Structure formats: structure tokens, C-alpha cells
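Summary of structural features
If you want the building blocks of each chain, they are given just below.
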Amino acid sequence: MMNSIKTNGLGRLFKQLKSAWSSPAVPARSCSLATCTPKNRNDALHPLWQSPLTIPGGTRQSPINIQWRDSVYDPVLKPLKISYDPATCLHIWNNGYSFLVEFDDSADRSIIVGGPLENQYRLKQFHFHWGAINEWGSEHTVDSKFYPAELHLVHWNAVVYPTFEEAVMEGDGLAVIGVFLKLGAHHEGLQTLVDALPAIKHKDTVIEFDVFDPSCLLPPCPDYWTYAGSLTTPPLTESVTWIIKKQPIEVDENQLEAFRMLLFTSDGEEEKRMVDNFRPLQPLMNRTVRSSFQIRQLLDIEAQYSDHAQQIRP
Ligand SMILES: [Zn+2]
């Protein structure tokens, strides 16, 4: 699974990957969101959030709280079809904010299609967000409930755009699958990743990590919510069709602890644990969250209420 540390072409690789996470080519506009205002910043904030931020709009920012009851069932939403080629997996690296598993996206080999998507999207990378403790860590919430971690599988629209960097700037450029992690049973698929983490403890370390099928990290239930949103890290562009899986996957405490052993800092710097690497919730504004499933429990409750109302009718 894991081989020696790569040295050839690493500088170029970092440049490419960093540009994907911190592209400055965003039309300038002051950020009006509370999380971006200087009064909310402090020295403890990760460097990612300390420089002035510009975003292109501010009407479809992520993450959001998904209010189960307010989500609208859309029967037109198709099942999401996922087809990943394990051989496209390239490496795993610590970018100083999360750890990323990157894929060869030069051809349509690891793709998703269907669901809310008009086109086929190619897998670029996946990463996680997590908390210092189990009480929080996910970016999205469901009925204001946080999960201890959240997986993001990032795909781009290679049908319409020639490069990932161009897709990042466009409204239909990206599709991200979000999966909540909850505390429970040991996760065998995740353990392969966890075993690789000690080798990328410090910022800017990367190792080869080939032949991995990330579909092992997806829950069996096909149900999802979907909404139009943004990246949750700079440049925060409003380019993401979010597909949030309803069912979380279970991981055990040791696996979450292994995430928390990673460092935000480079070798030689004062160590800062990689924890709480999530963006705060953003306002829903004028958006609707659609669901691919009907809300069974609520329908049951309403049916019971309706029965009861009929019984007490004179
Ligand atoms: Zn993310």
C-alpha cells in the first residue's frame, strides 16, 4: 500500500496542490460573513484563516446546518452512481490543515454520475475535518447535531472544464460527497489510512499511497441531502454541489485519536496538534436543501396524528 517517500517533482506537486487550496485568482470582494471579520479572529486561529479573505458572492456559503424537517424530498433526484478505480490513488499528504489522499484525475477513471449532477465528475482528492474531542468536528450539522468528523470526497466537472483549477471557479465546477463519522465500531477500510498517518505527521510531508478504493468509506445507505454551496477553505468559491450522505459511518476512538496526532506544523516548529480544522456554520440564506428520500419518521408521526385527530372527531 505504502512505499518510500517521494522526492522527484515534489516541489511542482506542492505548488499545484497548494494552488488548488489557496488560489488567489478570486474576484476581490470583502467578506461580509461573521466568521471572516477581524474581531472574530485571534492568535489561536489557524494561519489559513488569518489572512484577509475574499469570496466571490456570499449567498451560497458552506457548511450549513441541515434542518431535517425543512429539507424537501425531490423525487427527481436519481441515485448517485460511484465508480472508483483503486489504481488511480496516488499519495497521501499533510497540507498543514488536513490530510489529503490525491488521485490521478487525468482521465475518467474514478468518477461519479447521477444524483443531482448533470455531468460526470472526476475524483480529485478526499480529506477529513475533525474536532479536538468527540463532541464536535464535522463541518455540516444535522438538526444542529455535530459529528466528531466529516469526510469530503472532492470531484470536478471535467466534461465542461479543462482543469480542476478552472472548475473551482465555476458554479457547477465541483461536486463534494460529505460523509459523517460517528463513534462506534472499528472501521477496517479507514484503518488502512490510519496506519499511514504517522509517516505524514508533519506539515508538507507526503508518501505514496496507491491502490485504495475510497468507496469503502461510504455508508451502504444511498440516501443523501443536496444543496448548492461553497468550498469550506479559501478561496471559499461557490462552486460546490454538496451531496451529504444521511447515514454516518462508524469509526472507533483510536482511529479518531490517530487523526488528532497529526500536526499543523512542520518539522522543527513548535508542535500544534491538527484538531478543530473545520469552518463554522454559514447562513442558509435563500437555499433549499433537497433530499433523495422521504422522511419516514415524520410521515409516520403525521399519519398517527391524523388517525388520532379522526378518532376524536365527533
Ligand atoms: Zn473539506
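Computed from a predicted structure; not experimentally measured. (Residues numbered from 1 in each chain as written. Predicted model: local features only at pLDDT ≥ 70, side-chain atom pairs only at ≥ 80, totals over all residues.)

With respect to the overall build of the chain
Let me state the cut-off plainly: Secondary structure counts use DSSP, requiring at least four H or I residues in a row for a helix and at least two E residues in a row for a strand, with both numbered from the N terminus. With C-beta atoms placed from the backbone, a residue counts as buried when 20 or more other C-beta atoms lie within 10 Å of its own, as exposed when 12 or fewer do, and as partly exposed for counts between those limits. We call two residues in contact if the C-beta atoms placed from their backbones are at most 7 Å apart.
Per the secondary structure count, the chain includes five helices and 16 strands. Looking at the chain residue by residue over its 314 residues, the buried ones come to 38%. In the chain, the proportion of contacts linking residues at least 24 apart, taken out of those at least 6 apart, comes to 74%.

Let's talk about unusual backbone geometry
Each neighbour pair has its own omega, and for serine 62 with proline 63 the value is 5 degrees, a cis peptide bond. Cis peptide bonds are those with omega within 30 degrees of zero, and the linkage from proline 234 to proline 235 qualifies with 15 degrees. Summarising the element assignment, proline 235 is placed in the loop between strand S13 (224-229) and strand S14 (240-245). Phi is positive for aspartate 143, close to 50 degrees, though the residue is something other than glycine. Mapped onto the fold, aspartate 143 is located in the loop between strand S9 (141-142) and strand S10 (149-156). We note that methionine 285 has phi near 55 degrees; this positive angle belongs to a residue other than glycine. By the element assignment, methionine 285 lies in the loop between helix H4 (253-260) and strand S16 (290-291).

Notes on the confidence of the model for the chain
For the record, the criterion: Along the chain, pLDDT gives the predictor's confidence residue by residue, from 0 to 100.
With 78% of its residues at a pLDDT of at least 70, the chain reaches an overall mean of 85. Confidence drops under a pLDDT of 50 for residues 1-43, and excluding neighbours within four residues, the segment shows 52 contacts in the predicted structure.

Topic: the pairing of S10
Selection criterion: When DSSP finds two or more bridges between a pair of strands, those strands are recorded as paired.
Where burial is concerned, most of S10 is hidden: eight out of the eight residues are buried. Burial along S10 is two-sided: the face carrying Ala149, Leu151, Leu153 and His155 and the face carrying Glu150, His152, Val154 and Trp156 are both buried. With eight bridges joining them, strand S8 (residues 121-130) and S10 adopt antiparallel strand pairing. For arginine 122, the partnering residue across the bridge sits in S10 and is tryptophan 156.

Looking at the environment of alanine 149
Relative to the helices and strands, alanine 149 resides in strand S10. Each C-alpha atom of the pair alanine 149 and lysine 182 lies 7.1 Å from the other, and the pair is 33 residues apart in sequence. If sequence neighbours within four positions are ignored, alanine 149 has contacts with Phe128, His129, Trp130, Gly137, Ser138, Leu181, Leu256 and Phe259.

Quick word on the environment of aspartate 213
For aspartate 213, the position within the fold is in the loop between strand S12 (206-209) and S13. For aspartate 213, a count of 16 C-beta atoms within 10 Å gives the class partly exposed. Aspartate 213 sits 130 residues away from serine 83 along the chain, and the two C-alpha atoms are 9.4 Å apart. Dropping the residues within four chain positions of it, aspartate 213 is found in contact with Tyr84 and Pro86.

A look at the nonpolar core
For the record, the criterion: Each nonpolar core reported here comprises buried Ala, Val, Leu, Ile, Met, Phe, Trp, Tyr and Cys residues connected via C-beta atoms within 7 Å.
Core analysis: the largest hydrophobic core is formed by 63 residues, its most contacted members being Leu174 and Val176. The element best represented in this core is strand S11 (residues 174-183), accounting for seven residues. Ignoring sequence-local partners within four residues, the contact set of valine 176 consists of His152, Leu153, Val154, Val240 and Trp242.

Digging into helix H3 (residues 188-196)
Here is the rule we go by: This arc describes the spread of directions from the helix axis toward the C-beta atoms.
Of all the residues in H3, the buried ones are Leu190, Leu193 and Ala196. Looking down the long axis of H3, one finds its buried residues gathered within 110 degrees of arc, a one-sided arrangement. Facing away from the buried surface of H3 by more than 90 degrees, the exposed residues are Glu188 and Asp195.

Some thoughts on the pairing of S14
Within a regular strand, side chains alternate between the sheet's two faces. Burial of S14 is extensive: six of the six residues sit out of reach of the surface. Burial of the side chains of S14 extends over both faces: Val240, Trp242 and Ile244 are buried on one face and Thr241, Ile243 and Lys245 on the other. Examined bridge by bridge, S11 and S14 share five bridges and lie parallel to one another. Bridged to valine 176 within S14 is tryptophan 242. In this structure, S13 lies alongside S14, joined through six bridges in antiparallel fashion. Note that in S14 the partner of alanine 228 across the bridge is threonine 241.

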